[in-house]
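So the chains spell out like this:
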Amino acid sequence: MDNIFIQLAIILGLSSVLGFIVSRFKLPLLIAYLFGGLLLAITSIFDVKTSEVFHFLPEIGIAFVLFLVGMELDIREIKNLGKPIIAAGTLQIIITTILGFSITRAFGFAEVGSWYLGVGLAFSSTILVIKLLLDKKDITGLYGKLSIGILLLEDLLAVILLLFLTVSTSVLDLGFQQAFPFLTLVVKAALLFGLASVLSRHILSSVFKAVSRQPELLFLTALAWCFIYISFAIFLGFSVVIGAFLAGVTLASSPFHFQIQGKVKPLRDFFVTLFFVYLGTQVDFTDFAKIYPVMIIFTGYTLLIKPAIFLLILGAFGFSKHTMFHTALTLTHISEFSLIIILVGLKLGAVSQNALTTIALSGVLSMIIASVMITHSNKLYKKLPSLLSFFERKNFRHQLESGVVDRLTDHVVVIGGHKVGGELVKFFQKEKVPQIVLDFNPHHIERLHNEGINAMYGDMGDPDVLENLNLAEAKLVISTAQDIDDNLLLLEELKSRKINIRACY
């Protein structure tokens, strides 16, 4: 079973069968991939530890996902969320690390190993969240931006931690990194981010304009740029995640980024499947009886305590309960970075094999449960409004959620003010038809306000937002949302409010 084609046939065939079963129950495909990895680990059809498929292909999936995410994000919007992202990310890591250390010490783990496990418990999976946000088409929403900002901050902190744990010679072998590790890290980070900014403004636009006439060459050039910048990031000691994300960010303002995205997405889906199957194979059931109590507590912590921490911090910044809930929910699991940190500790002799098994089992279990919860987040939100109100500030709203719309009657409600919805908005404005536009992208709302259009930030799955649209007095509701479930929820909401108006999507 050492042949790479046989291994791929087994992995993809198993994933396809499990994916079909999972889809029949309307569950995320990620669950099928993780279970596929678990089955491979249990049955030992081939040696997953020496598999050529799992040696480097999953990391390519991470690169493609973060490359595409970088192209989706507007850095100006991330800057507006800087304070809540930094506060939520750092405070959660500190609190969780201390509590995780206390839990593992109580179960007899060594002191140093307990610190490793505490740190591992604090991080959430960037790749999982981004995959689910892409599936839900919520990556450009406010909670999507908050989640990704926090996750990228966590990844950066994880990289810094790994650099200190694995201090080696500098890239020029001059010994600066051993002597001045923090200063070296700052210089490298400044070089990595600064070069991305310079290239984006002055060079890349001309390069991609020159190759844009041939779609195949445009695609090839985009891939080349992605791997070149990843290689540069690795050369400086950073991770694939940071390099791929910055490579994508440099193309975010390019007029060709939609074409590039369409070409790269099929590749992304293939490699991401391999990544999650690989994660499932990292579970070792040899000492399961010894570590299952800690595994259950860790999983429960990620599903209950971590989101509560995020709710408290984000509530202090004036975010609505809808935004807080969805942001907190997306971070209720353990990261693949946690496995890497524990593996480094294992190689250094600081942690035991049981610690690795604990994190691996907790990570896979928390990912499976979290993916189901995130997929059905709108239904969960409807069951928890009174509890979530406790975390919400009553007389204060974050600037990105503070928009107020005029109270209209006999008006049109347009849900989604970009692309198709944007053309409708222009038409109604030209015909002087009173309208309210609802969009969950703060950047789009700002643009609509500047054009003098009555627009409001929010998600159609939030009942409190729908209340402000005065749906009972509207003559038409138009939804341009692509997600069928979101549109069905809107129709259910209209029915429950006994609003009998025309709705189309």
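This is a predicted model, so every value here is computed, not measured. (Residues numbered from 1 in each chain as written. Predicted model: local features only at pLDDT ≥ 70, side-chain atom pairs only at ≥ 80, totals over all residues. Heavy atoms only, no water.)

A.B. asks: So what's going on with the overall build of the protein? Which residues, and what values?
C.D. replies: Tallying secondary structure elements over the protein gives 24 helices and five strands in all. Every one of the 505 residues in the protein was classed for burial, and the buried ones make up 54%. Contacts in the protein between residues far apart in sequence, at least 24 positions, make up 76% of those at least 6 positions apart. Total accessible area on the protein is roughly 23,100 Å²; 64% of this is exposed by carbon and sulfur atoms. (Helix = DSSP H or I, 4+ residues; strand = E, 2+ residues; numbered from the N terminus. Buried < 20%, exposed > 50% of the residue type's maximum accessible area, 1.4 Å probe, protein only. Contact = heavy atoms within 4.5 Å. Areas by Shrake-Rupley, 256 points an atom, 1.4 Å probe, with all protein chains shown as cover.)

A.B. asks: Give me the lowdown on helix 7 (residues 126-136), citing residues and values where you can.
C.D. replies: Judged by how many residues are buried, helix 7 sits mostly within the fold: ten of eleven residues are covered. The set of residues buried in helix 7 consists of Thr126, Ile127, Leu128, Val129, Ile130, Lys131, Leu132, Leu133, Leu134 and Lys136.

A.B. asks: Can you explain the side chain of glutamate 392? Please cite residues and give values.
C.D. replies: Positionally, glutamate 392 belongs in the loop between helix 20 (385-389) and strand 1 (412-415). Since its relative accessible area comes to 13%, glutamate 392 is described here as buried. For glutamate 392, the side chain forms a polar contact with the main-chain nitrogen of lysine 321, separated by 3.0 Å. For glutamate 392, the contacting residues outside a window of four places in its chain are Phe319, Ser320, Lys321, Met324 and Arg397. (Polar contact = N/O pair within 3.5 Å; in protein donor to acceptor, adjacent residues only side chain to side chain.)

A.B. asks: Explain the side chain of threonine 330 residue by residue, including any values.
C.D. replies: Note that threonine 330 resides in helix 16 (residues 321-330). Polar contacts involving the side chain of threonine 330 include one to the side chain of serine 147, which spans 2.8 Å. With residues near it in sequence (within four places) discarded, threonine 330 still touches Val129, Tyr143, Ser147 and Ile374.

A.B. asks: Can you explain the nonpolar core? Please cite residues and give values.
C.D. replies: Core analysis: the largest hydrophobic core is formed by 139 residues, its most contacted members being Leu66, Phe67, Phe208, Trp225, Ile260 and Phe276. Of the residues forming this core, the biggest block, twelve residues, is contributed by helix 3 (residues 53-72). Once you skip the residues sitting within four places of it in the chain, tryptophan 225 turns out to touch Phe67, Leu199, Leu204, Phe208, Ala247, Thr250 and Leu251. (Core = buried A, V, L, I, M, F, W, Y, C linked by side-chain atoms within 4.5 Å.)

A.B. asks: I'd love a proper account of the pairing of strand 4 (residues 476-479), names of residues and values included.
C.D. replies: Side-chain alternation along strand 4 places Leu476 and Ile478 on one buried face and Val477 and Ser479 on a second face that is also buried. Pairing between strand 1 and strand 4: four bridges, direction parallel. Within the sheet, the bridge partner assigned to valine 412 lies in strand 4 and is leucine 476. (Pairing = 2+ DSSP bridges.)

A.B. asks: Go over the environment of leucine 29, please, and point to the residues and values.
C.D. replies: With respect to the helices, strands and loops of the structure, leucine 29 is situated in helix 2 (residues 29-43). It is 5.6 Å that separates the C-alpha atoms of leucine 29 and glycine 19, two residues lying ten residues apart in sequence. Non-local contacts of leucine 29, meaning those with residues more than four positions away in its chain, are made with Gly19 and Val22.

A.B. asks: Which residues make up unusual backbone geometry, and what values go with them?
C.D. replies: At serine 44, a residue that is not glycine, the phi angle is positive and equals roughly 55 degrees. Turning to its location among the elements, serine 44 is positioned in the loop between helix 2 and helix 3. Its identity as a non-glycine residue notwithstanding, lysine 432 has a phi of 60 degrees, on the positive side. We classify lysine 432 as exposed; its relative accessible area is 74%.

A.B. asks: Pulling in residues and values, what's your account of the packing of aromatic side chains?
C.D. replies: This model, assessed by the stated rule, comprises twelve aromatic pairs. Ring geometry for phenylalanine 64 against phenylalanine 271: centres 5.7 Å apart, planes inclined by 50 degrees, an arrangement best described as tilted. One end of the pair, phenylalanine 64, is in helix 3; the other, phenylalanine 271, is in helix 14 (residues 257-281), with 207 residues separating them in the sequence. Per residue, the accessibility class of phenylalanine 64 equals that of phenylalanine 271, and both read buried. Ring centres of phenylalanine 427 and phenylalanine 428 lie 5.6 Å apart, and the angle between their planes is 65 degrees; on these two criteria the pair is classed as edge-to-face. The class for phenylalanine 427 is partly exposed, based on a relative accessible area of 45%. Chaining the aromatic ring pairs together yields one cluster made of Phe64, Phe227, Phe270 and Phe271. (Phe/Tyr/Trp six-rings, centres within 6.5 Å; stacked < 30°, edge-to-face > 60°.)

A.B. asks: Can you lay out the environment of threonine 126 for me, pointing to particular residues and giving the numbers?
C.D. replies: Mapped onto the secondary structure, threonine 126 falls in helix 7. The exposure class assigned to threonine 126 is buried, which follows from its relative accessible area of 2%. Separated by 24 residues in sequence, threonine 126 and isoleucine 150 place their C-alpha atoms 9.3 Å apart. In contact with threonine 126, other than residues within four places in its own chain, are Leu66, Leu151, Asp155 and Glu336.

A.B. asks: Provide a residue-level description of the packing of helix 17 (residues 336-347) against helix 18 (residues 353-375), including the pertinent values.
C.D. replies: A pair of packed helices is captured by two measures, namely the crossing angle of their axes and the spacing between those axes. Following both chains from N to C, one finds helix 17 and helix 18 inclined at 175 degrees, their axes separated by 9 Å at the closest point. For the element pair helix 17 / helix 18, the angle class is roughly antiparallel. Along the contact surface, helix 17 presents Glu336, Ser338, Leu339, Ile342, Leu343 and Leu346, while helix 18 presents Gln353, Ala355, Leu356, Ile359, Ala360 and Met367. Classifying every residue of the contact of helix 17 with helix 18 gives nine nonpolar, two polar and one charged. (Axes fitted to C-alpha atoms, helices over the stretch in contact; angles between N-to-C directions. Parallel < 35°, antiparallel > 145°, perpendicular 65-115°, else oblique. Nonpolar A, V, L, I, M, F, W, Y, C, P; charged D, E, K, R; others polar.)

A.B. asks: Run through the environment of glutamate 52, naming residues and quoting values.
C.D. replies: Within the secondary structure layout, glutamate 52 lies in the loop between helix 2 and helix 3. Taking the C-alpha atoms as reference points, glutamate 52 and aspartate 2, separated by 50 residues in sequence, lie 8.0 Å from one another. Contact partners of glutamate 52, with chain neighbours within four places excluded, come to Ile4 and Gln7.

A.B. asks: Residues and numbers for the pattern of salt bridges, please.
C.D. replies: Going through the model one piece at a time under the given rule, you end up with one salt bridge. For lysine 426, the salt bridge identified is with glutamate 423, shortest N-O distance 3.9 Å. Of this pair, lysine 426 and glutamate 423 both sit in helix 21 (residues 420-430), three residues apart, which is roughly one turn of the helix. The burial state of lysine 426 is the same as that of glutamate 423; both residues are exposed. (Salt bridge = Lys/Arg side-chain N within 4 Å of Asp/Glu carboxyl O.)

A.B. asks: Account for the pairing of strand 2 (residues 435-439), naming residues and giving values.
C.D. replies: It is a general feature of regular strands that their side chains alternate between the two faces of the sheet. The buried fraction of strand 2 amounts to five of the five residues, a majority that puts the element mostly inside the structure. Side chains of strand 2 alternate between two faces, with Gln435, Val437 and Asp439 and Ile436 and Leu438 buried alike. Summarising the sheet, strand 1 and strand 2 pair through four bridges and their orientation is parallel. Looking at strand 2, one finds that isoleucine 415 is bridged to leucine 438. Handedness of the β-α-β unit built from strand 1, helix 21 and strand 2 comes out right-handed. With three bridges connecting them, strand 2 and strand 3 (residues 455-457) associate as parallel partners. Residue pairing for strand 3: leucine 438 is matched across the bridge by methionine 456. (Right-handed = clockwise from strand over helix to strand, strands pointing away.)

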